[in-house]
Structure formats: C-alpha cells, structure tokens
Amino acid sequence: MKVFNEFQLVSILNLSCFNKVEAASLVGNSMLQFDIKMRVLDFLWNAERSYQYLNQETKEMLNWYCEGFNEYLIVGNGEFPLELSLLGTKPRPLTPLDIISVTHFIGSIIMKDIKYKQTKY
C-alpha cells in the first residue's frame, strides 16, 4: 500500500531541508539569507522543546506517521520524483522532530500572512 504520493514526499523533504538549513546547498547562493534566517529561528530546537510536552498518544501518532513515510522510502526502491534527482538529493528517514519543526515552520508562514493582512486592511 502506497502511503505517500510523490507530491507529499517532495513537499515534506523540501520543508525539512529548510528546517535543516540546507536550502543554499541545494538551490544555490540565492537561498543563503533564507538559510541564515532559518538558523536564527531554529525550528528544530523549538521542536525538541515542544516534543517533551506532548502526550503519549500524540507522540505515537507522530511515530506512526514517520514509520509510514520511512516505509515508503524503503518500498520506493529508489524511484523518487524527478525534482529530487534534479536537486541531487535523496530522501532520508523522518523523525517526529522533523515533523514538528516543519509544522512550526508552516505556522510561522501562516502567522506572517495573517499579520500582513491585518496591516493591509
């Protein structure tokens, strides 16, 4: 059973590389300022702090999600989306902290958008 589709795989890995401050190494110097900002925001550190406050059920759900994703990496037999080949990167297993940090990253984007809309209207 295919748990993830290719779009989900690319999306998760792209967001994960932002949190791991690897965008400039993948895309080029145009992403250097973004990597610096991500290093300062340090979503992975924030995820580590947040993880300790999660209840057991939530931790189990995160583990199951990661297990499904990681199983797809094994079952995929190296047949991953073209985008990953073009970037010269291979998927690596996810951890619950990766998922939490991606969630925090997305939340920060949403908050920035909300603040922009509040000042605009």
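Residue positions are given per chain, counting from 1 as you read along its sequence in written order. pLDDT decides what is reported in this predicted model: residues at 70 or higher carry local features, side-chain atom pairs at 80 or more are listed and counted, and totals for whole chains, interfaces and linings draw on all residues regardless. To get the side-chain values, take all heavy atoms of the structure and skip hydrogens and water.

Re the packing of aromatic side chains
Then, in step 1: When the centres of two rings from Phe, Tyr and Trp lie within 6.5 Å, Trp using its six-membered ring, the rings pair. Their planes under 30 degrees apart give stacked, over 60 give edge-to-face, and anything left gives tilted. For the structure shown, the criterion picks out one aromatic pair.
Then, in step 2: Here the aromatic rings of Phe43 and Phe105 are separated by 5.9 Å at their centres, their planes lie at 80°, and the arrangement is edge-to-face. With Phe43 in helix α4 (residues 43–51) and Phe105 in helix α7 (residues 96–120), this residue pair connects regions lying 62 residues apart in the sequence. In this pair, the class of Phe43 matches that of Phe105, namely buried. Segments assigned H or I by DSSP are reported as helices when at least four residues long, segments assigned E as strands when at least two residues long, and all are numbered from the N terminus. Each residue is placed in one exposure class: buried if its accessible area under a 1.4 Å probe, protein chains only, is under 20% of its type's maximum, exposed if it is over 50%, and partly exposed if it falls in between.

Here we look at helix α5 (residues 56–75)
Because the α-helix completes a turn every 3.6 residues, residues three or four places apart line up on one side.
Then, in step 1: The span expected for a helix works out to 1.5 Å for each residue beyond the first. Here α5 spans 28 Å end to end across 20 residues, near enough to the 28 Å set by a 1.5 Å rise per residue.
Then, in step 2: By the burial criterion, the buried members of α5 are Lys59, Leu62, Cys66, Gly68, Phe69, Asn70, Tyr72 and Leu73.
Then, in step 3: Polar contact criterion, stated in full: a pair of N or O atoms within 3.5 Å, where within protein one must be able to donate a hydrogen and the other to accept it, and residues adjacent in sequence count only if both atoms are side-chain atoms. N-cap assignment for α5: the residue whose side-chain oxygen lies 3.3 Å from the backbone N of Glu57 is Asn55.
Then, in step 4: One or two residues past the end of α5 sits Asn77, with phi positive at roughly 50°.

Description of the side chain of Asn70
Then, in step 1: Note that Asn70 resides in helix α5.
Then, in step 2: Among the residues examined, Asn70 registers a relative accessible area of 18% and is labelled buried.

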